[in-house]
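Below, each chain spelled out in residue letters.
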Amino acid sequence: MKNVSRIFSKGVLGIYTVLLVMINIVVLFLQWKTEYSCKKEFDFPDIVLLCMGLLLLAGFLLWYRRKREALEQALSKKKWLIAVLTAGLLVLQILFCYNLFFITGWDAWNVVKNAERISNLDYLGLDIRYFSSHSNNLFLLCMYSYVFKIAHIFGKITWEEGVFAVVIFQCVVSAATGFFLYQVVQKRFRSYADALLAWVIYVVFVGFSPWLFITYSDSVGLFVPILLLWLYQLQQNGKQRWIIWFFIGLSAYVGYRIKPQTAIVFIAMALVEIFCNQRISGNPKKKLGSFAACALAVVLAFAGGTVFYQKFVVPKVHMTLDAEADFGIAHFLMLGLHEGSNGVYSAEDSKFSMSFETKAERDEADLEVAKERLKEMWGSRLLSHLEKKTLVNFADGTFAWSEEGGFYKTVLREPNETVSPFLRSIYYEDEKYYTAFVNVMQMIWLLLLFGMAAAGMGQARRLASDKTLLVLLVAVIGLILFQTIFEARARYLYTFAPLFILLAMTGFRNMEKKLC
């Protein structure tokens, strides 16, 4: 078993390192000269932005190393501080969104508009066709409809006020995510100072990202990967593991219903447990019994989640969906192989998929088109396509902010004449300071990618026993493969940003040990 776990962990480390190094090379050296979908323009080449970021980071780390011990002692005596900071962040996030908030178009508008219709009992106006083909958004629709209903308790609300209630809900999710990231980092590095540093990075890069007020699954699913990792750390103490695995299974199921990609983290955990199940020493029967109990707990969680979904979610959306209209995985594979769009959403492909009456016919036709595209591109064209998809996915630190269709659908009146105009001049496309926002986010993102590439540095011998890091590496490999094979979307990475911060911090700690 030890040999199996060693081979597995070294294989994961090798694949992860190769993938991250390749992504860094493509982004740093090919982004500026390659044309691709949703390309952002920056004031400086990426390699220059990275060098500038590394210089700033080096200066900060020199200061941080001098202050770290004192900071550690102070924070260890004020464990309550993170709760206060989280509450303060939530208030600031709500004010931030209040001054910036607009109603976007594309799928996000469709989901939140139908949620409002459900809360107003306007069932005849529901977009059954959309949710039949995009049934993955049903859980999100139900959640949003309950937010609208809760808002109605406080009196009659306008459409804009209802959407802002959903934004407040997403602020709660984001603030809670930062709290869990702090807990995970503190436990992993046994350092309150490092945990606070991770939280500060999160606040700057994610907590005040404008995606915060875009009402869609990217922002709601944000808490799932880090919650799963927190639970996974918790079960490693060996006490009542099956109970914790039940909640892991339940969280994974809910995450899958909100944002399917979050299931990658659970799959990573399952693979690590299967190949590296050495934690329990002694009788093999004890190991097998513990593993079986945890597996059964997950099955029960999935079963319970499925029953809840069918009994309490599906009926609440008040729609009889057409199961034959659902878009299957073959559709997204076909999208991912669309050379003209670089794997991004294609209206042409959606129209093609919608032209079939049954799901079986649609899946067969989509798969046939995917095969034909792969056959036509085989060779240098396929490599070029993969290069452009890599850039679409990983070359934008704003996660393709403003790139979706009808993005600024309804821009609301500024609530004041000072803060709101200033913030909008930063975050709204083509405004005065927008390029500064784009460049800063890109610099931070390039630093994270650089740090992530070094996350496995010097870890080869102990990786099999460091199951938390192994889960992170497997999850990122899974995410990269998912983004490469299926539809390309930079905003899909936003949900995994807390894990990227944790991996980047791991990488920079590894480099610090090697250099100092």
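Residues numbered from 1 in each chain as written. Predicted model: local features only at pLDDT ≥ 70, side-chain atom pairs only at ≥ 80, totals over all residues. Heavy atoms only, no water.

Caption draft 1: Region of the structure containing the overall build of the protein chain. Secondary structure assignment for the protein chain yields 21 helices and two strands. Over its C-alpha atoms the protein chain spans a radius of gyration of 23 Å, differing by no more than 12% from the 24 Å that the globule rule assigns to 516 residues. With respect to the principal axes defined by its C-alpha atoms, the protein chain has extents near 60 × 60 × 55 Å. Buried residues in the protein chain amount to 53% of all 516 residues. Pairs at least 24 apart in sequence give 80% of the contacts found in the protein chain among residues at least 6 apart. In the form shown here, the protein chain has an accessible surface area of approximately 23,300 Å², with 66% of it arising from carbon and sulfur atoms. (Helix = DSSP H or I, 4+ residues; strand = E, 2+ residues; numbered from the N terminus. Rg over C-alpha atoms; globule rule 2.2 N^0.38 Å. Buried < 20%, exposed > 50% of the residue type's maximum accessible area, 1.4 Å probe, protein only. Contact = heavy atoms within 4.5 Å. Areas by Shrake-Rupley, 256 points an atom, 1.4 Å probe, with all protein chains shown as cover.)

Caption draft 2: Geometry of the layout of surface pockets. Approximately 1,200 Å³ is the volume found for the largest pocket. Lining the largest pocket are 43 residues, with His134, Asn136, Pro260, Phe332 and Tyr492 positioned closest to its centre. Elements with a minimum of two residues in the lining of the largest pocket: helix H4 (106–119), helix H5 (128–133), helix H11 (241–258), helix H12 (263–275), helix H13 (284–313), helix H14 (329–336) and helix H15 (347–354). When residues in the lining of the largest pocket are grouped by element, the largest group, five residues, is from H11. For the lining of the largest pocket, the class distribution of residues is 23 nonpolar, eleven polar and nine charged. Volume-wise, the second largest pocket comes out at about 680 Å³. Considering the residues around the second largest pocket, the lining is formed by 27 residues, among which Leu57, Phe60, Leu61, Leu197 and Ile201 are closest to the centre. Only helix H2 (46–76), helix H8 (192–207), helix H19 (434–453) and helix H21 (497–515) provide two or more residues apiece to the lining of the second largest pocket. (1 Å grid on protein atoms, 1.4 Å probe; cavity = no way out; pocket = protein on both sides within 12 Å on 5 of 7 lines; lining within 4 Å. Points joined across faces, edges and corners; volume = space filled by probe spheres on them. Nonpolar A, V, L, I, M, F, W, Y, C, P; charged D, E, K, R; others polar.)

Caption draft 3: Structural view of empty space enclosed by the protein. Tallying each qualifying case throughout the model produces four cavities of 30 Å³ or more. Quantified by volume, the largest cavity comes out at close to 60 Å³. As for the largest cavity, its lining consists of Cys38, Val344, Val392, Ala400, Glu403, Glu404, Ala488, Arg489, Ala490 and Arg491. Along the lines of polarity and charge, the residues of the lining of the largest cavity split into six nonpolar, no polar and four charged.

Caption draft 4: Examining the pattern of salt bridges more closely. Applying the stated criterion across every chain yields a total of 17 salt bridges. A salt bridge links Lys40 to Asp396, with the nearest nitrogen and oxygen atoms 3.4 Å apart. Highlighted residues: Lys40 in the loop between helix H1 (2–30) and H2 and Asp396 in the loop between helix H17 (380–394) and strand E2 (410–411), separated in sequence by 356 residues. Like Asp396, Lys40 is buried. Among the salt bridges present, the one from Arg373 reaches Asp349, with a minimum N-O distance of 2.8 Å. In this pair, Arg373 is assigned in helix H16 (residues 359–377) and Asp349 in helix H15, connecting sequence segments 24 residues apart. Like Asp349, Arg373 is buried. Taken together, the salt bridges that share partners define one network made up of Asp218, Lys259, Glu404, Glu487, Arg489 and Arg491. (Salt bridge = Lys/Arg side-chain N within 4 Å of Asp/Glu carboxyl O.)

Caption draft 5: A look at the packing of aromatic side chains. Within the structure shown, the criterion is met by 38 aromatic pairs. Between Tyr434 and Phe437, the aromatic rings sit 6.0 Å apart at their centres with planes inclined by 50°, giving tilted as the arrangement. Residue Tyr434 and its partner Phe437 are both found in helix H19; the two are separated by three residues, about one turn of the helix. What makes Tyr434 buried here is its relative accessible area of 8%. By relative accessible area, which is 7% here, Phe437 ends up buried. What links up through ring pairs into an aromatic cluster is the set Phe102, Trp211, Phe213, Trp401, Phe407, Tyr408 and Tyr428. Positioned above the aromatic ring of Trp159 is the side chain of Lys113, whose terminal nitrogen or guanidinium carbon lies 4.2 Å from the ring centre. The positively charged end of Lys409 is found above the aromatic ring belonging to Trp109, 5.0 Å away from the centroid. (Phe/Tyr/Trp six-rings, centres within 6.5 Å; stacked < 30°, edge-to-face > 60°. Lys NZ or Arg CZ within 6 Å of the ring centre and 35° of its normal.)

Caption draft 6: Local environment of a negative patch on the surface. A cluster of acidic residues, Asp322, Glu324, Glu357, Glu361, Glu364, Glu368, Glu372 and Glu376, forms a negative patch at the surface. Within the fold, Glu357 resides in the loop between H15 and H16. (Patch = residues over 30% accessible without salt bridge, like charges linked within 9 Å, V, L, I, M, F, W, Y side chains within 5 Å. Lys, Arg positive; Asp, Glu negative; His and termini not counted. Charge placed at Lys NZ, Arg CZ, Asp CG, Glu CD.)

Caption draft 7: How the structure looks around H16. Here H16 contains 19 residues, and its C-alpha end-to-end distance of 27 Å stays within 8% of the 27 Å for a straight helix at 1.5 Å per residue. Looking only at H16, the buried set comprises Arg362, Ala365, Asp366, Ala370, Arg373 and Met377. End-on, the buried residues of H16 take up no more than an arc of 140°, which puts them together on one face. In H16, the exposed positions that point more than 90 degrees away from the buried face belong to Ala360, Glu364, Lys371 and Lys375. Residues of H16 that are buried sit in contact with H14, H15 and H17. One or two steps after H16, the chain reaches Gly379, where phi turns positive at roughly 110°. (Expected span 1.5 Å × (residues − 1). Arc of directions from axis to C-beta.)

Caption draft 8: Here's a closer look at a nonpolar patch on the surface. Together, Val4, Ile267, Leu271, Ile274, Phe275 and Phe291 make up a nonpolar patch on the protein surface, roughly 460 Å² of accessible area in all. Looking at which element gives the most residues to the nonpolar patch, the answer is H12, with four residues. Tracing the backbone through its elements, the reader meets Leu271 in helix H12. By relative accessible area, Leu271 is classed as partly exposed at 31%.

Caption draft 9: Spotlight on the side chain of Gln483. Here Gln483 shows up in helix H20 (residues 467–485). When its relative accessible area of 0% is taken as the criterion, Gln483 is described as buried. Within the local environment of Gln483, its side chain forms a polar contact with the side chain of Asn393, the two groups lying 2.9 Å apart. Other than its neighbours up to four places away in sequence, Gln483 contacts Lys389, Asn393, Ala488, Arg489, Tyr492 and Leu493. (Polar contact = N/O pair within 3.5 Å; in protein donor to acceptor, adjacent residues only side chain to side chain.)

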